[in-house]
Amino acid sequence: MEFQTKPEIALQQIRQALKQKVPVGVVLADAGYGNGTPFRAALTQLGLPYVVGIESSTTVWKPGQQPLPAPARKPGRGAPPKRLRRNTDHQPIAAKQLALGLPCSAWKDIGWRQGSQKALRSRFAAVRVRPAHRDYKRTEPHLEEWLLIEWPKTESEPTKYWLSTLPVKTSLKSLVKTAKHRWIIERDYEELKQELGLGHYEGRSWRGFHHHATLCIAA
């Protein structure tokens with residue numbers, strides 16, 4: 001078997017699920033997957049919408065901005081340039097920098113579910129941006145998508161960031177509820193490992209682990 005990264009394994013499983021006609025939903029993932037532009041691009045090519053975590057350092061173009069077009073061809077210089085470009089005065093910025101520059105009116109108090117003691121709420125903002133990852137090597141800019149940001153009132157700076165290809169007309173509340181739905185998956189996986197014994201396997205063979213995992217999932 002060849003080595004595969006976690007995003008590569010995830011994409012392989014997603015393609016297999018599509019091949020087996022598993023009902024399609026929104027792909028949710030943390031920044032370990034969402035930081036990878038190839039992972040996000042592959043989901044889009046498969047026709048799957050996503051809400052995935054990213055790091056605060058991920059670069060994007062401000063709303064309404066995009067990289068500069070390729071320069072005009074100079075006489076006697078061969079084929080015309082095709083790649084997008086940037087200059088000193090026209091650069092993308094980190095998601096964190098964009099978030100800190102948003103006006104107060106951009107932040108809304110949103111609740112997404114009832115917790116064990118009270119409703120879970122926080123402040124969020126969402127803007128339409130273009131990811132900037134290596135677009136100077138592209139001939140077309142990345143498509144616009146949502147940048148969702150969480151900034152709790154008790155924190156000195158934003159704490160979480162997501163990119164999403166949900167439709168343009170998606171409400172902020174729907175974006176938040178979808179992004180936060182990944183908590184349910186994490187909770188289920190934690191219970192699977194601890195309460196149902198998935199993490200207790202001590203064998204050495206793939207077949208043994210496969211049998212163990214199958215029984216845990218069935219339970």
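Nothing here was measured: the structure is a model prediction, and the numbers come from that model. (Residues numbered from 1 in each chain as written. Predicted model: local features only at pLDDT ≥ 70, side-chain atom pairs only at ≥ 80, totals over all residues. Heavy atoms only, no water.)

Draft legend 1. Examining helix α1 (residues 6-19) more closely. The end-to-end C-alpha separation of α1 is 20 Å, in line with the 20 Å expected for 14 residues at 1.5 Å each. Those residues of α1 that fall on the buried side of the exposure criterion are Ala10, Leu11 and Ile14. Buried residues of α1 fall within an arc of 100° about the axis and therefore sit on the same side. Opposite the buried face of α1, at more than 90 degrees from it, the exposed residues are Gln13 and Lys19. Packing partners of the buried residues in α1 comprise β1 (27-29), α2 (31-34) and α3 (37-45). A positive backbone phi angle near 60° is found at Lys21, which sits one or two residues after α1. (Helix = DSSP H or I, 4+ residues; strand = E, 2+ residues; numbered from the N terminus. Expected span 1.5 Å × (residues − 1). Buried < 20%, exposed > 50% of the residue type's maximum accessible area, 1.4 Å probe, protein only. Arc of directions from axis to C-beta. Contact = heavy atoms within 4.5 Å.)

Draft legend 2. Quick peek at the packing of aromatic side chains. All chains considered together, the criterion is met by 6 aromatic pairs. On the numbers, 5.8 Å between centres and 85° between planes, the contact of Trp112 with Phe124 is edge-to-face. One end of the pair, Trp112, is in strand β5 (residues 108-114); the other, Phe124, is in strand β6 (residues 119-131), and 12 residues separate them in sequence. Grouping residues by exposure puts Trp112 and Phe124 together as buried. (Phe/Tyr/Trp six-rings, centres within 6.5 Å; stacked < 30°, edge-to-face > 60°.)

Draft legend 3. View of the pairing of strand β2 (residues 50-54). With 5 of its 5 residues buried, β2 lies for the most part within the structure. The alternating pattern of β2 places Tyr50, Val52 and Ile54 and Val51 and Gly53 on opposite faces, both of which are buried. Of the pairings in the sheet, the one linking β1 to β2 comprises 3 bridges and is parallel in character. Of the residues in β2, the one forming a bridge with Leu28 is Val51. Looking at chain direction, β2 and strand β8 (residues 160-164) are connected through 4 bridges and run antiparallel. (Pairing = 2+ DSSP bridges.)

Draft legend 4. A look at the environment of Val51. With respect to the helices and strands, Val51 occurs in strand β2. For Val51, a relative accessible area of 2% gives the class buried. C-alpha of Val51 to C-alpha of Leu163: the two residues are 112 residues apart in sequence and 5.8 Å apart in space. If we skip the residues at most four places from it in the chain, Val51 touches Val26, Val27, Leu28, Ala29, Trp162, Leu163, Ser164, Leu166, Thr178 and Ala179.

Draft legend 5. Broad picture of helix α7 (residues 206-218). Here α7 contains 13 residues, and its C-alpha end-to-end distance of 18 Å stays within 8% of the 18 Å for a straight helix at 1.5 Å per residue. One side-chain oxygen at the N-terminal end of α7 lies 3.0 Å from the backbone nitrogen of Gly208; it belongs to Ser205. (Polar contact = N/O pair within 3.5 Å; in protein donor to acceptor, adjacent residues only side chain to side chain.)

Draft legend 6. The arrangement of the pattern of salt bridges in detail. Using the criterion set out here, one finds 7 salt bridges in the structure. Salt-bridge contacts for Arg187 lead to Asp188; the nearest nitrogen and oxygen are separated by 3.5 Å. Given the relative accessible area of 40%, Asp188 is considered partly exposed. (Salt bridge = Lys/Arg side-chain N within 4 Å of Asp/Glu carboxyl O.)

Draft legend 7. Geometry of the layout of surface pockets. Empty space within the largest pocket amounts to approximately 1500 Å³. Around the largest pocket sit 33 residues that line it, and Ile9, Ala10, Gln13, Tyr33 and Tyr189 are the ones nearest its centre. Counting residues per element, the ones that place at least two in the lining of the largest pocket are α1, β1, α6 (182-194) and α7. Looking at side-chain class alone, the lining of the largest pocket contains 22 nonpolar, 4 polar and 7 charged residues. The volume enclosed by the second largest pocket comes to roughly 400 Å³. Looking at the second largest pocket, it is lined by 22 residues, and the ones nearest its centre are Ala41, Thr44, His142, Leu143 and Glu145. (1 Å grid on protein atoms, 1.4 Å probe; cavity = no way out; pocket = protein on both sides within 12 Å on 5 of 7 lines; lining within 4 Å. Points joined across faces, edges and corners; volume = space filled by probe spheres on them. Nonpolar A, V, L, I, M, F, W, Y, C, P; charged D, E, K, R; others polar.)

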